[in-house]
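Spelled out, the chains give:
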Amino acid sequence: RREEEVVSCGEDTKKCGDHHRPREEKMASPSPVNPRKGRDQSRSRGGPATILSAKFLERQTSKNDLVRRLRTVVEALSDEDVEANSPDYPGLAGLAAALVEDRLLNHRDKEVRLHTVLACMEIFYLYAPEPPWDESEILRVFSQTIRQLANLTHCTSPDQTNFKHYFKLLEQLAVVKIGVVLVELTRTLDSRTSPAGEPLSDCVDGTSSEEALEMLSELIRTILVSVSIDHPQEVLKYAIDAVSACIEEFEGMVPIQILDEILICISGGPVVYVTNPAAIEAHAKSASAKKKGEKDPVDKKNMPPMQIQQTNQSYMVAAAIIR
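Note that the coordinates shown come from a computational prediction; the quantities given were computed from them, not determined experimentally.

Peer 1: Provide a residue-level description of the overall build of the protein chain, including the pertinent values.
Peer 2: Within the protein chain, the regular secondary structure consists of 15 helices and 4 strands. When the 323 residues of the protein chain are sorted by exposure, 51% land in the buried category. Counting only contacts in the protein chain whose residues sit at least 6 apart along the sequence, the fraction spanning at least 24 positions is 73%. For the protein chain, the accessible surface area stands at approximately 16,200 Å², while carbon and sulfur atoms represent 50% of it.

Laid out in structure tokens, this is it:
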């Protein structure tokens, strides 16, 4: 496993709410995705302006072709020359609208959903500080983002399929601080709520601040419980940074609902008991020998314990956030 230096955010940044990411930064990923890689490829297939449009996705001929096109869109969106509301990219707004449609965001294929979310993360960055979607669409994007992040629970190695993409989502939440969008959304919707708790007339789609706060709680919970001792250290660092960015945005007035998610992890303690792989292997050897009528190869007096202690990474991340 190659360890790379995590590049800190400098002054050359762009904010999404208060989240930011240097466009020129080196990716601190175990399996880095080069944000410049797609530029020449995009031009060979019609140029970024052609690719960054809803029509480019509509021309898909199959599920695999749609995935390839979404990958190309993600690469094109990471081009440093792309700007929102620029006459050079007239189809960008249409693309943003298409990405939050159910046919993409909730597609039955997991690869389509994953790359749609990755594209949405780039859209958040480009349109900072005002996302090009309404409140309910923003919540739908985060709902699918949370589903994708949860895959980090069982995807712990850079060698595993899609690890680099799940890592990328976590990295964007940490470095670009996209989770802050939910904090701002909670404030905005709260200001549109009457003292009786009813949405005011300007809250068009009926989305409430409670829904935004619940989504933020779920995002934080998912990040905290997904970290594992088997993950590279960069995952733990980004988990801490992603949650801390949201906590700091509340400027000392952190909702109880958010604090609960952190304190639950703290209450789990610094260690957990897990099944001992050595014990499972020893029992399997004994069972196999018994079935074959052979002598038991395992010394029962030195049988490994069924459970062993392991560092509770969720606790470690939550404790670091508290500190």
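Peer 1: Report on the packing of aromatic side chains, specifying residues and quantitative values.
Peer 2: To describe a pair of aromatic rings, you give the distance between the ring centres and the angle between the ring planes. Scanning all chains against the criterion turns up 4 aromatic pairs. Grouping aromatic residues by their ring pairs yields a cluster made of Phe124, Trp133 and Phe142. The ring of Phe56 carries the charged tip of Arg69 above its face, separated from the ring centre by 4.8 Å.

Peer 1: Describe the side chain of Thr116, with residues and values.
Peer 2: Assignment of secondary structure puts Thr116 in helix α7 (residues 110–126). Polar contacts involving the side chain of Thr116 include one to the main-chain carbonyl oxygen of Val112, which spans 2.7 Å. Leaving out residues up to four positions away in the same chain, Thr116 has contacts with Leu70, Leu99, Leu104 and Leu105.

Peer 1: I'd like a description of the packing of helix α5 (residues 92–99) against α7, backed by residues and values.
Peer 2: At a minimum axis separation of 10 Å, α5 and α7 run at an interaxial angle of 135 degrees. Overall, the two elements α5 and α7 adopt an arrangement that is oblique. Here the hand of the crossing between α5 and α7 comes out left-handed. The segment α5 lies against α7, with Leu92, Ala96 and Leu99 engaging Thr116, Ala119, Cys120, Ile123 and Leu126.

Peer 1: Outline the packing of helix α8 (residues 135–149) against helix α10 (residues 180–191), listing residues and values.
Peer 2: For the pair α8 and α10, interaxial distance at closest approach is 11 Å and the crossing angle is 150 degrees. Taken together, the axes of α8 and α10 are roughly antiparallel relative to one another. You can see that α8 and α10 cross each other, and the crossing is left-handed. Seen from α8, the contacting residues are Glu135, Ile138, Leu139 and Phe142; seen from α10, they are Val181, Leu182, Leu185 and Leu189. Looking at the contact of α8 with α10 residue by residue, the class counts come to 7 nonpolar, no polar and 1 charged.

Cut-offs and rules
Residues numbered from 1 in each chain as written. Predicted model: local features only at pLDDT ≥ 70, side-chain atom pairs only at ≥ 80, totals over all residues. Heavy atoms only, no water. Helix = DSSP H or I, 4+ residues; strand = E, 2+ residues; numbered from the N terminus. Buried < 20%, exposed > 50% of the residue type's maximum accessible area, 1.4 Å probe, protein only. Contact = heavy atoms within 4.5 Å. Areas by Shrake-Rupley, 256 points an atom, 1.4 Å probe, with all protein chains shown as cover. Phe/Tyr/Trp six-rings, centres within 6.5 Å; stacked < 30°, edge-to-face > 60°. Lys NZ or Arg CZ within 6 Å of the ring centre and 35° of its normal. Polar contact = N/O pair within 3.5 Å; in protein donor to acceptor, adjacent residues only side chain to side chain. Axes fitted to C-alpha atoms, helices over the stretch in contact; angles between N-to-C directions. Parallel < 35°, antiparallel > 145°, perpendicular 65-115°, else oblique. Left-handed = near helix turned anticlockwise from the far one by under 90°. Nonpolar A, V, L, I, M, F, W, Y, C, P; charged D, E, K, R; others polar.

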